[in-house]
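Survey of secondary and tertiary structure
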Number of protein chains: 2
Amino acid sequence: MTAPREVRRLAERSRPGRADLDAVLDAGLVGTLSTVVEGAPWVVPMLYARDGDRLLLHGSTGAGALRHVAAGAPAALSVVHLDGIVVAHTTFDSSANYRSAVVYGTLRPITDPEEKRAALTRVSDAVLPGRDAEVRPMTGREVAATQVMAMEVRDGDWVVKVRTGGPGEPDEPTDAWTGVVPLRTVADEPLPDPGGGRPVPPSVRERVRRGASAV
Amino acid sequence: MTAPREVRRLAERSRPGRADLDAVLDAGLVGTLSTVVEGAPWVVPMLYARDGDRLLLHGSTGAGALRHVAAGAPAALSVVHLDGIVVAHTTFDSSANYRSAVVYGTLRPITDPEEKRAALTRVSDAVLPGRDAEVRPMTGREVAATQVMAMEVRDGDWVVKVRTGGPGEPDEPTDAWTGVVPLRTVADEPLPDPGGGRPVPPSVRERVRRGASAV
């Protein structure tokens with residue numbers, strides 16, 4: 001691999017700023033939560049929502065995993081979007097276009113009932129925008145049965161990587177086709193439960209419009 | 001939440017067998033590699049390929065991360081596919097359909113040149129099926145500049161979770177729309193590099209057909 005191409009590659013996989021971090025996080029709904037249990041990684045996929053300078057996670061109060069990270073173990077939330085396959089003139093130079101974010105920190109359990117309710121509404125809103133206003137309010141029992149945790153997004157404790165563009169120029173002329181296969185996640189028409197017939201509400205329409213993006 | 005619904009939910013999120021693990025792994029190209037560095041999680045998204053009873057990862061020999069896990073640190077590879085948003089009659093009961101796999105183990109660096117070349121061909125084939133035959137062979141220098149690692153898939157050291165279906169029956173009658181918003185990843189038409197005009201080769205056509213799935 002020649003030096004100029006390597007340099008360009010590194011530039012393409014630049015390390016963007018905080019706004020870029022937010023954009024990568026807000027482009028997804030599901031991430032991978034990693035922590036450490038007895039010296040080994042412990043990993044679980046989870047829905048998440050960004051709420052300003054913090055990430056919100058939720059789950060059943062019965063889930064042992066959440067109890068562990070809630071107890072102050074170091075944690076990381078990872079999000080990755082695969083945007084395309086980069087087809088170069090060699091297998092060695094072929095690559096992928098992607099956007100990824102890893103946020104490192106500690107999860108704090110949200111226990112205050114009002115803060116917890118607001119956080120759950122925020123999570124619900126990321127998944128189904130405005131759904132909260134279409135259904136009955138959460139009961140106190142439901143709020144109590146849910147564990148909600150917040151991870152602060154702290155300066156220097158995150159990594160964002162973005163690769164875009166094509167494969168770049170080959171070292172030597174080639175007859176091979178080169179380019180990119182774009183990938184994206186789409187929503188299909190919503191599938192109502194049997195016995196429905198009700199009009200699709202705005203929250204669901206909005207989810208279809210956004211696909212798998214939170215915003 | 002009533003007991004019967006909870007039981008049904010658990011059944012829907014069943015723990016399938018090894019064939020299901022393979023299916024979840026083979027349905028994706030990118031995962032999250034987690035390990036432990038100085039007691040804290042260390043996480044990076046990576047392309048992967050399943051090769052029978054092992055997972056293959058690759059990267060530049062210069063990447064510090066890979067060196068760490070290659071040195072025998074405990075690691076986990078996590079893969080998640082978000083298949084839909086489950087819209088229930090309450091925010092509490094709303095959920096997501098997904099398939100996820102976490103494989104725990106240790107990465108072994110593949111150093112034998114022939115085994116390494118075969119592993120790299122397998123990785124390339126997962127990303128661009130048959131591309132290997134369309135371009136010149138990898139050079140010895142390219143093979144040397146690439147780090148390839150294998151993680152054995154061992155009985156009992158993986159977790160698969162699958163949730164499918166609708167939100168289930170509400171506790172009480174409701175007027176709310178309920179159902180599922182399906183999500184899927186698709187490939188768009190391949191974008192050739194400028195100055196192209198060559199026909200799209202079979203490997204790229206096949207990648208478009210498979211979308212973001214390895215098989």
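Each value, and the rule that gives it
- Residues numbered from 1 in each chain as written.
- Chains lettered and ligands numbered in written order.
- Predicted model: local features only at pLDDT ≥ 70, side-chain atom pairs only at ≥ 80, totals over all residues.
- Heavy atoms only, no water.
- Salt bridge = Lys/Arg side-chain N within 4 Å of Asp/Glu carboxyl O.
- Helix = DSSP H or I, 4+ residues; strand = E, 2+ residues; numbered from the N terminus.
- Buried < 20%, exposed > 50% of the residue type's maximum accessible area, 1.4 Å probe, protein only.
- Polar contact = N/O pair within 3.5 Å; in protein donor to acceptor, adjacent residues only side chain to side chain.
- Contact = heavy atoms within 4.5 Å.
- Least-squares fit on C-alpha atoms with pLDDT ≥ 70 in both.
- Pairing = 2+ DSSP bridges.
- Core = buried A, V, L, I, M, F, W, Y, C linked by side-chain atoms within 4.5 Å.
- Buried area = accessible area lost by both parts, 1.4 Å probe.
- pLDDT = per-residue confidence, 0-100.
- Expected span 1.5 Å × (residues − 1).
- Arc of directions from axis to C-beta.

1. Regarding the pattern of salt bridges
For the structure on display, the rule yields 32 salt bridges over all chains. Its salt-bridge partner being Asp 51 of chain B, residue Arg 54 of chain B comes within 3.1 Å of it at the nearest N-O pair. Salt bridges linked by common partners bring Arg 18, Asp 22, Asp 26, Arg 50 and Asp 53 of chain A together as one network.

2. Quick word on unusual backbone geometry
All names here are of chain A. The backbone of Glu 38 sits at a positive phi, close to 50°, despite the residue not being glycine. Within the secondary structure layout, Glu 38 lies in the loop between strand E1 (30-37) and strand E2 (40-51). Look at Glu 38 and you get exposed, because its relative accessible area is 82%.

3. A short note on the side chain of Thr 178 of chain A
Its place among the elements puts Thr 178 of chain A in the loop between strand E7 (158-163) and strand E8 (179-187). Reaching out from Thr 178 of chain A, the side chain makes a polar contact with the side chain of Asp 193 of chain B at a distance of 2.6 Å. If we skip the residues at most four places from it in the chain, Thr 178 of chain A touches Val 87, Ala 88, His 89 and Pro 167 of chain A together with Leu 191, Pro 192 and Asp 193 of chain B.

4. Considerations on the relation of the copies chain B and chain A
With an RMSD of 0.0 Å, chain B superimposes on chain A once it is rotated by 180° and translated 0.0 Å along the axis. Such a turn and shift between the copies fits a two-fold axis. Residue Thr 185 of chain B of chain B places its C-alpha closer to the rotation axis than any other residue of that unit, at 2.0 Å. The overlap is high: 100% of the interface residues of chain B also sit at the interface in chain A, so the same surface is used on both sides.

5. A look at the pairing of strand E3 (residues 54-60) of chain A
Residues and elements named next belong to chain A. The buried fraction of E3 is high, at 5 of 7 residues. Two strands pair when backbone bridges link them, and E2 and E3 are joined in this way by 4 bridges, in the antiparallel orientation. Pairing of Tyr 48 across the sheet is with Leu 57, part of E3. Linking two consecutive strands that pair antiparallel, namely E2 and E3, is a turn of 2 residues; a positive phi of about 65° is found at Gly 52 within it. Of the pairings in the sheet, the one linking E3 to strand E6 (residues 146-152) comprises 7 bridges and is antiparallel in character. Across the sheet, Leu 55 pairs through a bridge with Met 151, a residue of E6.

6. A closer look at the nonpolar core
Generally speaking, soluble globular proteins have nonpolar side chains that are buried together. Judged by nonpolar contacts, the single largest core of 28 residues is most densely connected at Ile 85, Val 87 and Val 181 of chain A. For this core, the secondary-structure elements that each account for two or more residues are strand E4 (74-87) and E8 of chain A together with strand E2 (40-51), helix H4 (113-127), strand E6 (146-152) and helix H6 (202-210) of chain B. Tallying contributions element by element places H4 of chain B first for this core, with 5 residues. Val 87 of chain A has contacts with Ser 94, Pro 167, Trp 177, Thr 178, Gly 179 and Val 181 of chain A together with Leu 128, Arg 131 and Val 204 of chain B, leaving out every residue within four places of it along the chain. In this structure, Ala 49, Ala 119, Val 123 and Val 143 of chain A belong to the second largest nonpolar core, which totals 27 residues.

7. With respect to the interface of chain B and chain A
With 75 residues of chain B at the interface, the matching set in chain A holds 75 residues. Each partner contributes to the roughly 6,200 Å² buried at the junction of chain B and chain A, and carbon and sulfur atoms together form 66% of this total. For the pair chain B and chain A, the interface holds 2 salt bridges. Ionic pairing is found between Asp 188 of chain A and Arg 184 of chain B, a salt bridge with its closest N-O pair at 2.6 Å. Applying the counting rule to chain B against chain A returns 20 residue pairs in polar contact (both at pLDDT 80 or more). Within the residue set of the side of chain B that touches chain A, elements represented by two or more residues are strand E1 (30-37), E2, strand E4 (74-87), strand E5 (95-109), H4, strand E8 (179-187), strand E9 (191-192) and H6 of chain B.

8. Points about the environment of Pro 194 of chain B
On the secondary structure map, Pro 194 of chain B appears in the loop between E9 and H6. According to the relative accessible area criterion, Pro 194 of chain B is exposed, its value standing at 81%.

9. Looking at the confidence of the model for chain A
With 90% of its residues at a pLDDT of 70 or more, chain A has an overall mean of 89. Every residue in residues 1-12 of chain A scores below 50 in pLDDT, and together they form 20 contacts with partners more than four places removed in sequence or on other chains.

10. Description of helix H4 (residues 113-127) of chain A
Between the first and last C-alpha of H4 of chain A there are 21 Å, a value that for 15 residues agrees with the 21 Å anticipated at 1.5 Å per step. Of all the positions in H4 of chain A, only Lys 116, Ala 119, Leu 120, Val 123, Ser 124, Ala 126 and Val 127 of chain A are classed as buried. The buried side chains of H4 of chain A occupy one side of the element, clustering within an arc of 160° when seen end-on. Lining the buried residues of H4 of chain A we find E2, E3, helix H5 (140-144), E6 and helix H6 (202-210) of chain A together with E4 of chain B.

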